[in-house]
Amino acid sequence: MTNREEKIKSFVTKYPIEVPEQAVENELNYIQLEMRHRMQYDTLTGGRLHLNPFGELEEMKEELYQAAFYEAKYDLVIKDVISRRNFSVTKEELEEEACAMAQRQNTSMEMIRRFFGEDLAMLEGDVKRQKAENWMLEQA
C-alpha cells in the first residue's frame, strides 16, 4: 500500500459517517462473487485447485467483511466530501484529465471523446473524486 493509499484509508476510517449494513452486504456480495470467479478461473487455467471455494471464502469471512465495510464507507465518504466541499470542475480540468488518460492508455483524444462524450462531461465525476482524495490527503 502506498503512502497516499494509507493516508486516504486512515482518513476514511476516522471519518464520522454511518455505513448502512445493506451497503456493506452489497459490497460483500460483490467481493465474494469476484473471488469465486477468480478461483474458478485459477482452477480452469491450471493454477491452484479450488475444490471448495465457498469453504475458502468462509475461512476469510472476517477479512472479507472488513474489506466490504471499508469499500462501502469509502464510497459514502467520497460522496459526502464532494457534496460538502462543493467541488466544481472546469472545462480545462476535463481536457487535462482526458489528455492524461489518452496518454496513459496510449490512445487518441478522439477515442477518449467518443467514450466520454464530446464535452467530456462523463469525466466530471472522476475529476471530482480526485479533488476529494487530494483534499482528504491535505487533511491527513
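Scroll up for the structure.
So, here is what we can say about the structure in this document. Being a predicted model, the structure only gives us computed values, none of them experimental.

About the cut-offs
- Residues numbered from 1 in each chain as written.
- Predicted model: local features only at pLDDT ≥ 70, side-chain atom pairs only at ≥ 80, totals over all residues.
- Heavy atoms only, no water.
- Helix = DSSP H or I, 4+ residues; strand = E, 2+ residues; numbered from the N terminus.
- Contact = heavy atoms within 4.5 Å.
- Polar contact = N/O pair within 3.5 Å; in protein donor to acceptor, adjacent residues only side chain to side chain.
- Expected span 1.5 Å × (residues − 1).
- Buried < 20%, exposed > 50% of the residue type's maximum accessible area, 1.4 Å probe, protein only.
- Arc of directions from axis to C-beta.
- Salt bridge = Lys/Arg side-chain N within 4 Å of Asp/Glu carboxyl O.

## Details of the environment of Arg4
Link 1 in the chain: Note that Arg4 resides in helix 1 (residues 3-14).
Link 2 in the chain: In this structure, the C-alpha to C-alpha distance between Arg4 and Glu133, residues 129 residues apart in sequence, is 9.2 Å.
Link 3 in the chain: Filtering out sequence-adjacent residues up to four positions away, Arg4 remains in contact with Glu133, Asn134 and Leu137.
Link 4 in the chain: A polar contact of 3.1 Å, which involves the side chain of Arg4, links it to the side chain of Glu133.
Link 5 in the chain: A polar side-chain atom of Arg4 sits 3.3 Å from a polar atom in the side chain of Asn134.

## Looking at helix 5 (residues 91-104)
Link 1 in the chain: Taking 1.5 Å per residue as the helical rise, helix 5 with its 14 residues ought to reach 20 Å, and the 20 Å between its terminal C-alpha atoms agrees with that figure.
Link 2 in the chain: Among all positions of helix 5, only Leu94, Glu97, Ala98, Met101 and Ala102 are buried. For helix 5, the angular spread of the buried residues around the axis is 135°, confining them to a single face. What points out from helix 5, more than 90 degrees from its buried face, is the exposed set Glu92, Glu96, Gln103 and Arg104.

## Here we look at the pattern of salt bridges
Two side chains with opposite charge may pair up if their charged atoms get near one another.
Link 1 in the chain: Enumeration over the complete set of coordinates arrives at eleven salt bridges.
Link 2 in the chain: Note that Asp80 is salt-bridged to Arg84, the shortest N-O span being 2.8 Å. In this pair, Asp80 and Arg84 both sit in helix 4 (residues 61-85), four residues apart, roughly one turn of the helix.
Link 3 in the chain: The class for Asp80 is buried, based on a relative accessible area of 18%.
Link 4 in the chain: For Glu124, the salt bridge identified is with Lys128, shortest N-O distance 3.3 Å. Of this pair, Glu124 and Lys128 both sit in helix 7 (residues 124-139), four residues apart, roughly one helical turn.
Link 5 in the chain: For Glu124, a relative accessible area of 30% gives the class partly exposed.
Link 6 in the chain: Residues joined by salt bridges that share partners form a network here, namely Glu95, Arg113 and Glu118.

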